[in-house]
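Structure at a glance
Listed below are the residues making up each chain.
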Amino acid sequence: MMQLVAPAARRALGPSLLRQPRPLGCARASTPTASAASARLLARAMASLPADEPPQQCSHSLLILGKPGGGKGTISGKILSDFPQFRHVSTGDELRQHVRNGTELGKEAKKYMDEGALVPDNVMIKMVLGDAVEAIKNGQSLLLDGFPRTMEQAVALDKDLDVDLVINLCIPNETIVERISDRWIHPASGRVYNYSYKPPRVTGRDDETGEELVQRDDDRPESVLKRLEKYDKATMPLVEYYEEKGVLETFRGTQSDVIYPEVKKWLDEQLAHDDVSATG
């Protein structure tokens, strides 16, 4: 049976979640689908909206892809600073917060975490959708960080939430290996040094205590390379999936400060379509 959505609720929730036809620059039109969990989230959100709610700006779901140590965190921070309409959704941070707060999602996720198993995709998607409803009600867009990581996750998420902007940071593996393998730590304090840009005053010694610095096993060149190869294998189908949808842009380079101006230019162009559609 087709569900009827009140016009005011439809405008306030935004087309990104409802998956209706959108203005130029927003996600492509597709047939509305919803899981039982997302339907309940939408129903609760619509019940709280006033009948005369004015139209909201076009909401977006932006995903940023990047290799470990490839500057994804730096680029995300710059985007959030320059584009305050985006709300950062780091699934790792959100998951830990749900577990700490003892929410229903947190309890469900903790069962798998305690067993050393991966949290199922459906649990992660429910968590993302919860953030999506809240953000869209507030007229915000989403910056997704950490999920989806595989094509299977992307296809599952796409049933309920259109990811309509994707930034793919393509940094050479050798650059990342050099960057991470230059990282040494002081175990007692957690202070981190990097011989590329933040070296200790005395080679191999902590600045504060003079104690010996160590390198984590995960930071050794051979470990970093294995991790990057695993990332490439898992992420390449995901990149191709979003390329076929026509929503992905790849940015290549070795320095975040050089890459980011191109990222900002592209985002400005994509979001400018919203302004044109709103006034057209």
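Please read all numbers here as calculations on a predicted model, not as lab measurements.

1. Some thoughts on the confidence of the model for the protein chain
In this model, the protein chain carries an average pLDDT of 80, and 77% of its residues clear a pLDDT of 70 or more. Mean pLDDT per element in the protein chain: helix α1 (residues 7-13) is the minimum at 39, and strand β7 (residues 248-252) is the maximum at 97. When the criterion is pLDDT under 50, residues 1-36 qualifies, and its contacts beyond four places in sequence or with other chains add up to 85 contacts. Low confidence marks residues 45-56, where pLDDT is under 50. Its contacts with residues over four positions away, or in another chain, come to 21 contacts.

2. Digging into the nonpolar core
Leu65, Leu144, Leu157, Val166 and Tyr242 are the most contacted members of the largest nonpolar core, which totals 30 residues. Mapped by element, the contributors of at least two residues to this core are β1 (61-66), α6 (104-114), α7 (121-137), β3 (141-145), α8 (151-158) and α10 (221-245). Examining the composition of this core, we find that eight residues originate from one element, α7, more than from any other. Those residues in contact with Val166, other than ones at most four positions away along the chain, are Leu62, Leu63, Leu65, Tyr242, Val247, Leu248, Glu249 and Trp266. Membership of the second largest hydrophobic core comes to 23 residues, among which are Leu143, Ile259, Val263 and Leu267.

3. Some thoughts on the layout of surface pockets
The space that makes up the largest pocket amounts to roughly 1100 Å³. No other element matches the six residues that α10 contributes to the lining of the largest pocket. Residues that form the lining of the largest pocket fall into these classes: 15 nonpolar, nine polar and nine charged.

4. Observations concerning the packing of helix α9 (residues 173-181) against α10
Where α9 contacts α10, the axes come no closer than 9 Å and their chain directions differ by 140°. With respect to α10, the axis of α9 lies oblique. Here the hand of the crossing between α9 and α10 comes out right-handed. The segment α9 lies against α10, with Asn173, Ile176, Val177, Ile180 and Ser181 engaging Pro221, Val224, Leu225, Arg227, Leu228 and Asp232. Of the residues that constitute the contact of α9 with α10, the class distribution is seven nonpolar, two polar and two charged.

5. Description of the pattern of salt bridges
Using the criterion set out here, one finds 14 salt bridges in the structure. A salt bridge links Asp158 to Lys245; its shortest N-O distance comes to 3.1 Å. Residue Asp158 is located in helix α8, and its partner Lys245 is located in helix α10; the two are separated by 87 residues in the primary sequence. The salt bridge involving Arg216 is made with Asp219; its shortest N-O contact spans 3.3 Å. By relative accessible area, which is 41% here, Arg216 ends up partly exposed. For Asp219, a relative accessible area of 1% gives the class buried. Three or more residues joined by partner-sharing salt bridges are found here, namely Arg183, Arg216 and Asp219.

6. Things to note about the packing of aromatic side chains
All told, the structure shown has two aromatic pairs when counted by the stated rule. Centre to centre, the rings of Tyr241 and Tyr242 are 5.2 Å apart; their planes meet at 65°, and the pair counts as edge-to-face.

About the criteria used
- Residues numbered from 1 in each chain as written.
- Predicted model: local features only at pLDDT ≥ 70, side-chain atom pairs only at ≥ 80, totals over all residues.
- Heavy atoms only, no water.
- pLDDT = per-residue confidence, 0-100.
- Helix = DSSP H or I, 4+ residues; strand = E, 2+ residues; numbered from the N terminus.
- Contact = heavy atoms within 4.5 Å.
- Core = buried A, V, L, I, M, F, W, Y, C linked by side-chain atoms within 4.5 Å.
- Buried < 20%, exposed > 50% of the residue type's maximum accessible area, 1.4 Å probe, protein only.
- 1 Å grid on protein atoms, 1.4 Å probe; cavity = no way out; pocket = protein on both sides within 12 Å on 5 of 7 lines; lining within 4 Å.
- Points joined across faces, edges and corners; volume = space filled by probe spheres on them.
- Nonpolar A, V, L, I, M, F, W, Y, C, P; charged D, E, K, R; others polar.
- Axes fitted to C-alpha atoms, helices over the stretch in contact; angles between N-to-C directions.
- Parallel < 35°, antiparallel > 145°, perpendicular 65-115°, else oblique.
- Left-handed = near helix turned anticlockwise from the far one by under 90°.
- Salt bridge = Lys/Arg side-chain N within 4 Å of Asp/Glu carboxyl O.
- Phe/Tyr/Trp six-rings, centres within 6.5 Å; stacked < 30°, edge-to-face > 60°.

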